[in-house]
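Geometric and topological summary
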Amino acid sequence: MPRPILATVHPEGLRHNLAQARVRAPDARVWAVVKANAYGHGIERAFEALRGADGFALLDLAEAERLRALDWRGPILLLEGVFEPRDLELCSRLGLWHAVHCDEQIDWLAAHKTQQSHRVFLKLNSGMNRLGFTPGAFRAAWARLSALPQVDEIAFMTHFSDADGPRGIDHQVAAFEAATADLAGERTLCNTAAMLRHASRPLRGVGVSTLAADWVREGIALYGSAPDYPENSAAHWDLQPTMTLSTRVIGTQRLQAGDTVGYGSTFTADGPLHIGVVACGYADGYPRHAGTGTPVLVNGVRTRLVGRVSMDMITVDLSPLDAAGVPAGIGSEVVMWGVSPSTGAVLPVDEVARAAGTISYELLCAVAPRVPFAPV
Ligand SMILES: Cc1ncc(COP(=O)(O)O)c(C=O)c1O
């Protein structure tokens, strides 16, 4: 009998969340961002539910090949562009669109022998200072690309550092407008946070009127999580969970006042306490930094983790179940995040991530290879 831990992807949640993007940005096309194996969900498991998107954005060429193997004929965008010259051969063969963010990528394109014309997304570094041409270098890059016979269309992109927070996007939008307003070509600026919070904001540029145009690049909201939690929750943005990590109680203990639990004795009972030992640990991708108080569902009842997360186990407080008259013991269902299969109760991944001092993205992407996924 395998360990009882299981990850389950919810295609109906993915479908619902994609439909929400159509509500938030009705005039834009949607890149479903499926990098990092669809934020840990598995490209193949998520694909059917997301095939209503207008394109898929990712960064790994092998993942692009997997999408083509699923018979996806529509647009695929490499968000970081190519990593070395020979990647361009695959772009030509698979018809991949690719970001161009540095002079070297233009050199490689200029030297690339192909009959297949390329569509590129010229990336402006509007202030994030990761990838992209600075405003001062942007025009020269555009002029070089425009002169290349290998390139038949140039679109424009930038990425926001603070669309989810108080600094906001004004400074980056201003830089983007200054660099691109008079240039014809499609534009993509919004990640999830910008799409949810700023999509209808005006944008100055040829053929565009709002920030959402022409494409939004939606990642985390597809996967049921709020980019600006705890300011706003997934429920606030009408997003549904897309992944459940569930497992079972494999042991129990009855503690007395003064007893401690787990490595480092970080939790001490202040009275009698019923404890459940749960088959899930950091080797399953559950964050070790999740401390006492991190929420967990047992038989659909919300309770808390107590003590330290170990490699294969955590310990949880079963007293809320005892108080509610819900039987709990070996075999009880435990939901680390997602939806309780027995009751439908939801534990948002955002809440677990916050308790562990991280973000949902990291938890979803970190589910370990040893955790089996339920067939979709
Ligand atoms: C360039 C780019 N666009 C879009 C996204 C999607 O972001 P989010 O998941 O916050 O929507 C990412 C993710 O990090 C990204 O790197």
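Residues numbered from 1 in each chain as written. Predicted model: local features only at pLDDT ≥ 70, side-chain atom pairs only at ≥ 80, totals over all residues. Heavy atoms only, no water.

**As for the pairing of strand 15 (residues 301–306)**
Where strand 14 (residues 295–298) lies against strand 15, 4 bridges are found, and the strand directions are antiparallel. Note on strand 15: the bridge partner recorded for V296 is T303. Adjacent in sequence and paired antiparallel, strand 14 and strand 15 are bridged by 2 residues, among which N299 carries a positive phi angle near 50°. Sheet analysis places strand 15 next to strand 16 (residues 314–317), joined by 2 bridges and oriented antiparallel. Looking across to strand 16, one finds that V306 is bridged to T315. (Pairing = 2+ DSSP bridges. Helix = DSSP H or I, 4+ residues; strand = E, 2+ residues; numbered from the N terminus.)

**Some remarks on the site of the ligand**
Within the structure, the ligand sits among K35, Y39, R130, H159, N191, T192, R217, G219, I220 and Y361. At 2.9 Å from an oxygen atom of the ligand is found a side-chain nitrogen or oxygen belonging to K35. In this structure, T192 approaches the ligand through a side-chain N or O atom, which is 2.6 Å from an oxygen atom. Contact with the protein chains removes 91% of the 400 Å² of surface that the ligand exposes when unbound. The residue inventory of the shell around the ligand, partitioned by class, reads 3 nonpolar, 4 polar and 3 charged. (Near = heavy atom within 4 Å. Polar contact = N/O pair within 3.5 Å; in protein donor to acceptor, adjacent residues only side chain to side chain. Areas by Shrake-Rupley, 256 points an atom, 1.4 Å probe, with all protein chains shown as cover. Nonpolar A, V, L, I, M, F, W, Y, C, P; charged D, E, K, R; others polar.)

**Quick notes on the packing of aromatic side chains**
Tallied over the full model, the rule gives 12 aromatic pairs. A centroid spacing of 5.7 Å and a plane angle of 35° characterise the contact between F47 and F56, whose relative ring orientation is tilted. F47 sits in the buried class, given a relative accessible area of 2%. Classification of F56 as buried rests on a relative accessible area of 1%. Connected via pairs of aromatic rings, a cluster forms that spans W31, W97, F121 and W215. If you follow R119 out to its NZ or CZ, it ends over the ring of W97, 3.9 Å from the centre. (Phe/Tyr/Trp six-rings, centres within 6.5 Å; stacked < 30°, edge-to-face > 60°. Buried < 20%, exposed > 50% of the residue type's maximum accessible area, 1.4 Å probe, protein only. Lys NZ or Arg CZ within 6 Å of the ring centre and 35° of its normal.)

**Digging into the pattern of salt bridges**
Applying the stated criterion across every chain, the model contains 19 salt bridges. Here D54 and R22 are joined by a salt bridge, their closest N and O atoms 2.8 Å apart. Taken as a pair, D54 in the loop between helix 3 (43–50) and strand 3 (55–58) and R22 in helix 1 (residues 11–24) lie far apart in primary sequence, 32 residues in all. Residue R22 is classed as partly exposed on the basis of its relative accessible area of 30%. One salt bridge in this structure joins D284 and R370, with 2.7 Å as the shortest N-O distance. Note that D284 is positioned in the loop between strand 13 (273–278) and strand 14 and R370 in the segment after helix 12 (360–365), a separation of 86 residues in sequence. (Salt bridge = Lys/Arg side-chain N within 4 Å of Asp/Glu carboxyl O.)

**Structural notes on the state of the cysteines**
Disulfides are covalent bonds that link the sulfur atoms of two cysteine residues. Overall, the coordinates contain 0 disulfides when judged by the stated rule. Cysteine C102 shares no disulfide, and the gap to the nearest cysteine sulfur, in C91, comes to 13 Å. As a non-bridged cysteine, C365 has C280 as the owner of its nearest cysteine sulfur, 16 Å distant. Residue class for C365 comes out partly exposed when judged on its relative accessible area of 37%. (Disulfide = S-S within 2.5 Å.)

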